[in-house]
Amino acid sequence: MAKKAARPRIGAKGAAAWYWKRYTELYPKYFWADDTKLADIVVASAKGSLLYDVEGREYIDLTSQWATNNLGNVHPEVLEATKDALERYGFLILFMNPHLPMIDLGEKLLEIRPSKNLTRVFLELSGTGAAEGAVKHAIEASGRPLILSFMGQYHGLSIGATAFGSLAARMRRNWEAFSGGAVHAPYPMTYRKPEAMTDEAFGEWCLGFIEDQILRHVAYPDRIGGVIFEPVALEAGVWIPPRNFVRGLRKLADAHGWFFIADEVEAGLGRTGKMWGIEHFGVAPDLMSIGKALGGGLMPLGAVLGDERAMGTHDVIAGTTFGGHPAACVAATVSIDVMRRDRIPERAARLGSKALKRVKEWEDLPIVGDTRGLGLAIGVEIVSDKASKARDNETARAVFFECVRHGVIPLYDYEMNVLRIQPPLTIEGPLLEKALDVMETALRKQGPA
Ligand code: PMP
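Not measured: the values here are computed from a predicted model. Numbers given to residues run from 1 along each chain, matching the order in which its sequence is written. Under the rules for a predicted model, residues below a pLDDT of 70 receive no local features and side-chain atom pairs below 80 are neither given nor counted, while totals for whole chains, interfaces and linings still include all residues. With hydrogens and water stripped out, all remaining heavy atoms of the structure feed into the side-chain values.

### Topic: unusual backbone geometry
The bulk of non-glycine residues show a negative phi, and the bulk of peptide bonds are trans.
Part 1 of the reasoning: Phi is positive for Trp-66, close to 55°, though the residue is something other than glycine.
Part 2 of the reasoning: Working definition: helices are DSSP H or I runs of at least four residues, strands are E runs of at least two. Numbering for both runs from the N terminus. With respect to the secondary-structure elements, Trp-66 resides in helix 3 (residues 64-67).
Part 3 of the reasoning: Of the residues examined, Trp-66 reaches a relative accessible area of 31% and is grouped as partly exposed. Only protein chains enter the accessibility calculation, which uses a 1.4 Å probe; a residue whose area is less than 20% of its type maximum is buried, one above 50% is exposed, and one in between is partly exposed.

In structure tokens form, the structure reads like this:
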């Protein structure tokens, strides 16, 4: 048998290539192939908004790990509390042995709820589990079999979440048959609205599509248990729906007795400049899924907040062994305290509006079709032709890798012509500026000569 090449020491020259190659040998193609999403680096350590590869190279993390490390990576106070909780509680299953940390977290979540009608908390392990948990409560409590959801929205990759979420046809490929309970409506992605329409008119048009088309031709309103949507849709490339669309959707839900479900897994916990994305629209959800940053960037945790109708009346069989892990509950409780004490959502709003002002200037570049953002969620859409708005995945990918070569990792995944800027909300101002400098240089380099 051929002798296995020796593993290089961390920090040694050539380590980066060796570890990357090993990664591609050990993990499925989907994890690493160029046409999926990854920068070709293997991380050896991380702190705050910085990542270090196996050769010691430094990278500015504009992803915050898909908006998970909102407090930066390895927040010291969250770390201390989590370590202490692991020592004190180890692991307990909440269904068998309810524990103190879940009581503390339940109360803490109610303190920051966007509306007083949310009175109960369900705990899960992930954002997917939270989105599915919210849908389960809506279907079971309403006794209706269908869920209304939106095209271009992401709720997770489980078979259930891909049935009602439809960010990408590629994700649903081979699983289409499981979508029997989901009805998909258009979401107002305003950049490609019909020329003559304002954003508000397009929002109205999307609502009208539900009323005039879906409810008349596809699904009777009293068969729909709830409507799930992202108040600010991030995975699809940062879309901020017009206010009238969200408010109109709330009215439609009221009119037909649908649970109004906000998926706040990515937009929640300060990302958009308020604690919750839905708070930008002045309406209250009946159910709300939370995840990602909830575990303080250290522990996996998902949660659903629900009203009495959703969670106080019916037995809903949902949950998983590790959901509501005691140490994750402690990490969440402490990170919510830190977020409020340090006014993190306000910081995201301040840093984000300054960054967006600069990013907006990039619209003068020939390859930048649109820029948009709310708080520290900013999208830069790359097109090959501004008139037709044709998506240019190849150029976006080239910009992405150019940034990586210069020590900056933008968020770049399923919407492959959009580069996103979603750093930790604690990122230092000058560090963010430095990252934007690198992105701007990379964008300019890709323009026509
Ligand atoms: N909902 C939304 C809005 C998300 O952005 C995501 C993750 N990107 C999920 C659900 C799924 O969360 P997870 O990957 O933690 O399961």
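### Side note on the layout of surface pockets
Part 1 of the reasoning: Cavities and pockets are defined on a 1 Å grid built over the protein atoms alone: a cavity is a set of grid points where a 1.4 Å probe fits but cannot escape, while a pocket is an open set with protein on both sides within 12 Å along at least five of seven lines, and lining residues are those with an atom within 4 Å of any such point. Grid points are joined across faces, edges and corners, and a volume is the space filled by probe spheres set on the points. If you add up the space inside the second largest pocket, you get close to 350 Å³.
Part 2 of the reasoning: Around the second largest pocket, the lining comprises 15 residues; the ones closest to its centre are Leu-94, Phe-95, Val-121, Phe-122 and Leu-123.
Part 3 of the reasoning: Residue assignment for the lining of the second largest pocket shows that the elements contributing at least two residues are helix 5 (100-111) and strand 4 (120-124).
Part 4 of the reasoning: Considering every element that reaches the lining of the second largest pocket, the biggest residue donor is strand 4, with four residues.
Part 5 of the reasoning: Classes in brief: Ala, Val, Leu, Ile, Met, Phe, Trp, Tyr, Cys and Pro nonpolar; Asp, Glu, Lys and Arg charged; the others, Gly included, polar. A per-class count over the lining of the second largest pocket returns ten nonpolar, three polar and two charged.

### As for the packing of helix 14 (residues 393-405) against helix 15 (residues 429-446)
Part 1 of the reasoning: Axes here refer to lines fitted to C-alpha atoms; in helices the fit is confined to the stretch in contact. Angles between the N-to-C directions go from 0 to 180 degrees. Two numbers describe how helix 14 lies on helix 15: the axes approach to 9 Å, and their chain directions differ by 135°. In terms of orientation, helix 14 and helix 15 fall into the oblique class. In the crossing of helix 14 with helix 15, the sense of the turn from one axis to the other is right-handed. Along its contact with helix 14, which presents Thr-395, Ala-398, Val-399, Glu-402 and Cys-403, the element helix 15 presents Val-438, Met-439, Ala-442, Leu-443, Lys-445 and Gln-446.
Part 2 of the reasoning: Grouping the amino acids of the contact of helix 14 with helix 15 by side-chain chemistry returns seven nonpolar, two polar and two charged. Here the word oblique covers every angle except those under 35 degrees (roughly parallel), over 145 (roughly antiparallel) and from 65 to 115 (roughly perpendicular). By definition, any crossing whose near helix is turned counterclockwise from its far helix by less than a right angle is left-handed, and any crossing with a clockwise turn is right-handed. By definition in these notes, contact holds between two residues if any of their heavy atoms fall within 4.5 Å.

### A closer look at the sheet that holds strand 9 (residues 287-290)
Part 1 of the reasoning: For two strands to be treated as a pair, DSSP must find no fewer than two bridges joining them. Read across the sheet, seven strands follow the order 4-10-9-8-7-5-6 without closing on themselves; strand pairing throughout is mixed. Looking along the sheet, the strands with just one partner apiece sit at the ends: strand 4 and strand 6 (182-185). Neighbour-to-neighbour, the strand axes of this sheet turn through a mean angle of 20°, independent of strand direction.
Part 2 of the reasoning: Two strands pair when backbone bridges link them, and strand 8 (residues 259-263) and strand 9 are joined in this way by three bridges, in the parallel orientation. Each residue of the ladder has a partner; that of Ile-261, found in strand 9, is Leu-287.

### Some thoughts on the sheet that holds strand 1 (residues 43-47)
Part 1 of the reasoning: An order of 1-2-3-14 is seen for the four strands of this open sheet, with the pairing classed as mixed. Only two strands of the sheet have a single neighbouring strand rather than two, namely strand 1 and strand 14 (408-409).
Part 2 of the reasoning: Where strand 1 meets strand 2 (residues 50-53), four bridges bridge the pair, whose relative direction is antiparallel. Looking at the pairing, Lys-47 lines up with Leu-50 of strand 2.
Part 3 of the reasoning: Helix 15 contacts strand 2, strand 3 (58-61) and strand 14 of the sheet and is inclined by roughly 100° relative to strand 3.

### Overview of the side chain of His-184
Part 1 of the reasoning: Following the sequence through the fold, His-184 ends up in strand 6.
Part 2 of the reasoning: Pairs of N or O atoms are called polar contacts if they sit within 3.5 Å, as long as, within protein, a hydrogen donor faces a hydrogen acceptor (for residues adjacent in sequence, only side-chain-to-side-chain pairs). In this structure the side chain of His-184 is engaged in a polar contact, spanning 3.3 Å, whose partner is the side chain of Ser-149.
Part 3 of the reasoning: Polar contacts involving the side chain of His-184 include one to the main-chain carbonyl oxygen of Ala-163, which spans 3.3 Å.
Part 4 of the reasoning: His-184 has contacts with Ser-149, Met-151, Ala-163, Phe-164, Gly-165, Ser-166, Arg-172, Ser-179 and Ile-214, leaving out every residue within four places of it along the chain.

### Some thoughts on the packing of aromatic side chains
Part 1 of the reasoning: Ring geometry is summarised as follows: Phe, Tyr and Trp rings, the Trp one being its six-membered ring, pair when their centres sit within 6.5 Å, and such pairs are stacked at plane angles under 30 degrees, edge-to-face over 60 and tilted between the two. The final tally for this structure, using the stated rule, is 16 aromatic pairs.
Part 2 of the reasoning: Ring centres of Trp-175 and Phe-178 lie 5.7 Å apart, and the angle between their planes is 45°; on these two criteria the pair is classed as tilted.
Part 3 of the reasoning: Phe-178 gets classed as partly exposed once you look at its relative accessible area, which sits at 48%.
Part 4 of the reasoning: Put simply, the rings of Trp-20, Tyr-23, Tyr-27, Tyr-30 and Phe-31 touch in pairs and so form one group of aromatic residues.
Part 5 of the reasoning: Above the plane of the ring of Trp-239 lies Arg-372, whose end atom (NZ or CZ) is 3.5 Å from the centre. The criterion for a charge sitting over a ring is simple: Lys NZ or Arg CZ within 6 Å of the ring centre, and within 35 degrees of the ring normal.

### A word on the nonpolar core
Part 1 of the reasoning: Buried Ala, Val, Leu, Ile, Met, Phe, Trp, Tyr and Cys residues form a nonpolar core when they are joined through side-chain atoms within 4.5 Å. Within the largest apolar cluster, 116 residues are counted, with the highest numbers of intra-cluster contacts made by Ile-210, Trp-362 and Ile-421.
Part 2 of the reasoning: Ranked by the residues each element gives to this core, the list is headed by helix 12 (residues 326-341), at nine residues.
Part 3 of the reasoning: The residues contacting Trp-362, other than those within four sequence positions of it, are Val-368, Val-380, Ile-421, Leu-436, Met-439, Glu-440 and Leu-443.
Part 4 of the reasoning: Core analysis: the second largest hydrophobic core is formed by 20 residues, Ala-130, Phe-164, Ile-228 and Val-304 among them.

### Concerning a nonpolar patch on the surface
Part 1 of the reasoning: A surface patch of nonpolar side chains, amounting to about 470 Å² of accessible area, comprises Leu-26, Tyr-27, Tyr-30, Phe-31 and Leu-157.
Part 2 of the reasoning: Of note, Tyr-30 is situated in helix 2 (residues 29-32). Distance thresholds for patches are 9 Å for like charges and 5 Å for nonpolar side chains (Val, Leu, Ile, Met, Phe, Trp, Tyr), applied to residues having over 30% relative accessible area and no salt bridge. Computed by Shrake-Rupley with a 1.4 Å probe, the accessible areas treat only the displayed protein chains as cover when residues are assessed. Salt bridges are counted wherever a side-chain nitrogen of Lys or Arg sits within 4 Å of a carboxyl oxygen of Asp or Glu.

### Here's the deal with the environment of Thr-119
Part 1 of the reasoning: With respect to the helices and strands, the residue Thr-119 is situated in the loop between helix 5 and strand 4.
Part 2 of the reasoning: For the pair Thr-119 and Gly-72, spaced 47 residues apart in sequence, the C-alpha separation works out to 30 Å.

### Concerning the pairing of strand 3
Part 1 of the reasoning: Where strand 2 meets strand 3, three bridges bridge the pair, whose relative direction is antiparallel. The partner of Leu-50 across the bridge, within strand 3, is Ile-60.
Part 2 of the reasoning: Count of turn residues in the strand 2/strand 3 antiparallel hairpin: four residues, of which Gly-56 carries a positive phi of about 90°.

### With respect to the site of the ligand
Part 1 of the reasoning: One heavy atom suffices: a residue is near a molecule or strand as soon as one of its heavy atoms comes within 4 Å of it. Taken together, Ser-126, Gly-127, Thr-128, Tyr-154, His-155, Gly-156, Glu-230, Glu-235, Asp-263, Val-265, Glu-266 and Lys-292 make up the full set of residues adjacent to the ligand.
Part 2 of the reasoning: Within the contact set of the ligand, an oxygen atom lies 3.0 Å away from a backbone nitrogen or oxygen of Gly-127.
Part 3 of the reasoning: One of the side-chain nitrogen or oxygen atoms of Asp-263 is found 2.8 Å away from a nitrogen atom of the ligand.
Part 4 of the reasoning: For the ligand, the accessible surface in isolation is 390 Å², of which the surrounding protein chains cover 87%.
Part 5 of the reasoning: Classifying every residue of the shell around the ligand gives two nonpolar, five polar and five charged.

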